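Here are the chains, one letter per residue:
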Amino acid sequence: MEKQQRANDGKSPDRKILSEVGEHGVAIITIDRPPLNLLSVDVVLSLKEKIEEAIRKDSVKAIVITGSRGNFSAGFVVTAFGGSQQRKTHRELGFMSIDFITDTLEASRKPIVAAVEGFCLGGGFEIALACHARISTSTSKLGLPELQYGILPGFGGTQRLPRLVGLPKALEMILTSKRISGDEACNMCLVDAISPSDQLLGSACQWALDILECQRPWSISLFRTDRLAPLAEARTLLNSVRAQIQKQNPNVIHPLVCIDVIEHGILCGPRNGLWKEAEALHELRQSDSCRSLVHVFFAKQNTSKIPGITDIGLLPRKINKVAILGGSLMSSEIATVLVLANYYVIMKYIDQNSLQSGIGRVNANLEGRVKEGRMTQEHYKKACMLLKGVLSYDNFKDVDLVIEDMPDIVSLKQQFFADLDECCPPHCIFASTTCIVNLDLIGERMKPCREIVGIHFFSSPSVTDLLEIVRTKRTSPQTLVDLLNFGRRIQKTPIVVQNCAGFAVRHMCFPYLQAAMLLVEHGADVYQIDKALTSFGLKLGPFRMLDQDGFLSAAVHDVKFLETFPDRSYKSNLIPIMRKNNGEGKYSCQGFYTYNDKEEASPDPEISKYVEMARSMSGITIRSKLATLSDGEIVEMILFPVLNEACRMISEAIIVKSSDLDVASVLGMGFPGYRGGIIFWSHSVGSKYICSKLEEWSKEYGEFFKPCAYLVEQASKRSSLGTQVKQAKSLL
């Protein structure tokens, strides 16, 4: 399911199941809702009717289920589990798991074979699991992604997958939403054979006839026991996985519920497990986690929908060749992402040593993927051929996009772009990765007709899915359409923001970090703050985030924010003091934490000394109230200023829609997706309460906490934050 579902979401749930009987008496039943053949209750009911009809016909000897246009089925439309569906729908889904999947399809007296190509995910995969055999292409993608939406597989996946591949592999696939290829599935005995795409249907039909003639095994997945471990061993594994999940994320229950359902089937029999699965699906669908995760799913899809830009009929131009002006580790990371997405990449450096180092890092990244089994030797060789290192602009005559990633020195960047203006074709898009220097200032020496835009990757680009596309006064609608398509091609979630200090993510990170500094300098404990935020669900507490980014980066961004927004900033002396004492964060193994050679963090006993020095320098007296804050109070005092800054971005139309901030907070800031993102979470707290607490703290601790006008207005009306971002004229 995931990003590819955007093509089907919103379409009418017409019953689109095709059926025909071949010359050898094999009924071919095709799910025909292209491009992804997504399922709904109506589609499944239609599939059930076609299978029952084929079973009744004397002329039909066997059945093959497949999908149209290169995909089996990418599963249910997400709204079948989350959003506005009524309780009746969930009862129908649970009932169909027993009545159709088990008692009709799997119990058929005629063999049923799945012919799998392309995406075979979620409910589509569970239908294939219930067939008596599965024939797949080598490149098919199979998996159960339901836990990403706060639910569990509800069509028998919790019961059949462990019986087909064994408990350890089934737990890995289900709990991590892992997709596997057809080749991997064959090696696991999850599919019975691999076939070329053009021979797939013929192979599946022959396999079904072979089952009928007793030349192939007739496998009933639900009642297989040969891959299940002894009960004591299974229980030990399940308890171990439970403990690991509870330690990693104590706030979510759906993975634990899923484990309970799997265990119930092992202890009480698979049919009892199916009923337990149906009940669990019904309950989880009503959970806050499900609603939040479904919201994030659709918010991610909608980031590339921009009124007045993407709805006026513009088609993206092809970007084939990308040039990178290299100057940092990030340059090599970006180049790695691009060659993996099959872009031809030119990396330009200012000297031979820098060039060799930069190209060497890209090659090392690719080799690492080969060693980890995430890349074949063939793909590795192809990626290496797409990469070229240069020292001049001679190869820039046909580039479509230039990404500048040089030091943040204004005069230096201006010269680079002036040089590029002379040697790149007119259609070439100029982009900078900076989030420090004003993009309009960078482009001052270019020709007036030349485009410039910001492309902000996050560390590490190979891991972080977010991409900020920053629009300037020189950025046309066509360029935005081009770059949104580019973002999707490199498998990122792109959000468009206006040119401003820090863009969207940094804008929210400033108050996140500054609020933490304020609390510590007034009496709170560094490590309690980090613990409170990670217990709430953030990936990194503010002080671990500072260590991760490095103190130099923090200092540069802090100065920029203080200069730009002096009226809403908190100036702390803590980072400058720590830098004077040789602390630079994780990179120097010395920050708010100390780090061993395995990069494991431990509290630094010297921190209290630096905090006291910062207090003394600022003339701050410890507030006993802040020294005794609960974890819940810490979360509010750190995150309400973040919400306040998010409200400013909404009111100033820095972002296109408020849900973009949810995506930015989840993907770029580490906010827990099961809480729906920063704005979605605020709905559960209430604008009036948020505003009242900020007003209270601003009187006690200063202007840093003062609520913005938009927040005050929403609170006075008791309205939710970010219900709709007004469209700025500059975005149209």
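Model, not experiment: these values are computed from the prediction.

This next bit is on the overall build of the protein chain. Helix and strand counts for the protein chain stand at 29 helices and 19 strands. Over its C-alpha atoms, taken along the principal directions, the protein chain stretches across nearly 90 × 65 × 50 Å. A total of 732 residues make up the protein chain; the buried ones form 58% of that total. Contacts spanning at least 24 positions in sequence make up 75% of the contacts within the protein chain whose residues lie at least 6 apart. Put simply, the protein chain has 84 plus and 81 minus side-chain charges, and the middle of one group is 2 Å from the middle of the other.

Attention now moves to the packing of aromatic side chains. To describe a pair of aromatic rings, you give the distance between the ring centres and the angle between the ring planes. If you walk through the whole model with that rule in mind, you get 20 aromatic pairs. With 5.9 Å between their ring centres and 35° between their planes, Phe640 and Trp697 make a pair best called tilted. With a gap of 57 residues between them, Phe640 in helix α25 (residues 631-651) and Trp697 in helix α28 (residues 687-701) connect regions that are remote in the sequence. Its guanidinium or amino end placed over the ring of Tyr393, Lys348 lies 4.8 Å from that ring's centre, counting from NZ or CZ. Taking the ring centre of Phe536 as reference, the NZ or CZ of Arg675 above it sits at 3.9 Å.

What follows concerns the pairing of strand β11 (residues 344-348). The buried count for β11 comes to 4 of 5 residues, which makes it a mostly enclosed element. Sheet analysis places strand β10 (residues 321-325) next to β11, joined by 5 bridges and oriented parallel. Bridge assignment links Val322 to a residue of β11, and that residue is Val345. In terms of handedness, the path from β10 via helix α12 (residues 329-340) over to β11 forms a crossover that is right-handed. In this sheet, strand β12 (residues 387-390) lies alongside β11 in parallel orientation, the contact comprising 4 bridges. Each bridged residue has a counterpart across the sheet, and for Val345 the counterpart in β12 is Leu387.

Let us look at helix α3 (residues 122-130). With respect to burial, α3 is a largely interior element, 9 of its 9 residues being buried. When we look at burial in α3, the residues that qualify are Gly122, Gly123, Gly124, Phe125, Glu126, Ile127, Ala128, Leu129 and Ala130.

What follows deals with the UniProt feature "domain: 3-hydroxyacyl-CoA dehydrogenase NAD binding" (unreviewed entry) in the protein chain. Sequence positions flagged by UniProt for "domain: 3-hydroxyacyl-CoA dehydrogenase NAD binding" (unreviewed entry) are, in local numbering, residues 321-500. Helix makes up 40% of residues 321-500 and strand 22%, with an end-to-end C-alpha separation of 28 Å.

This next bit is on unusual backbone geometry. Residue Pro34 is joined to Pro35 through a cis peptide bond whose omega torsion reads 10°. Tracing the backbone shows Pro35 in the loop between β2 (26-31) and α1 (41-56). Omega for the bond connecting Ser459 with Ser460 falls within 30 degrees of zero, at -5°, which places this linkage in the cis form. Relative to the assigned elements, Ser460 resides in the loop between β15 (452-456) and β16 (466-471). Of note in the backbone geometry, Cys214 takes a positive phi value of approximately 65° without being a glycine. With respect to the helices, strands and loops of the structure, Cys214 is situated in the loop between α7 (200-212) and α8 (231-248). Of note, Glu599 is a non-glycine position whose phi angle comes to about 65°, a positive value. As for its placement among the helices and strands, Glu599 is situated in the loop between β18 (593-595) and β19 (601-603).

Here is what the cut-offs are and how they apply
Residues numbered from 1 in each chain as written. Predicted model: local features only at pLDDT ≥ 70, side-chain atom pairs only at ≥ 80, totals over all residues. Heavy atoms only, no water. Helix = DSSP H or I, 4+ residues; strand = E, 2+ residues; numbered from the N terminus. Buried < 20%, exposed > 50% of the residue type's maximum accessible area, 1.4 Å probe, protein only. Contact = heavy atoms within 4.5 Å. Lys, Arg positive; Asp, Glu negative; His and termini not counted. Charge placed at Lys NZ, Arg CZ, Asp CG, Glu CD. Phe/Tyr/Trp six-rings, centres within 6.5 Å; stacked < 30°, edge-to-face > 60°. Lys NZ or Arg CZ within 6 Å of the ring centre and 35° of its normal. Pairing = 2+ DSSP bridges. Right-handed = clockwise from strand over helix to strand, strands pointing away. UniProt positions renumbered as here; feature names shortened; annotations may be inferred.

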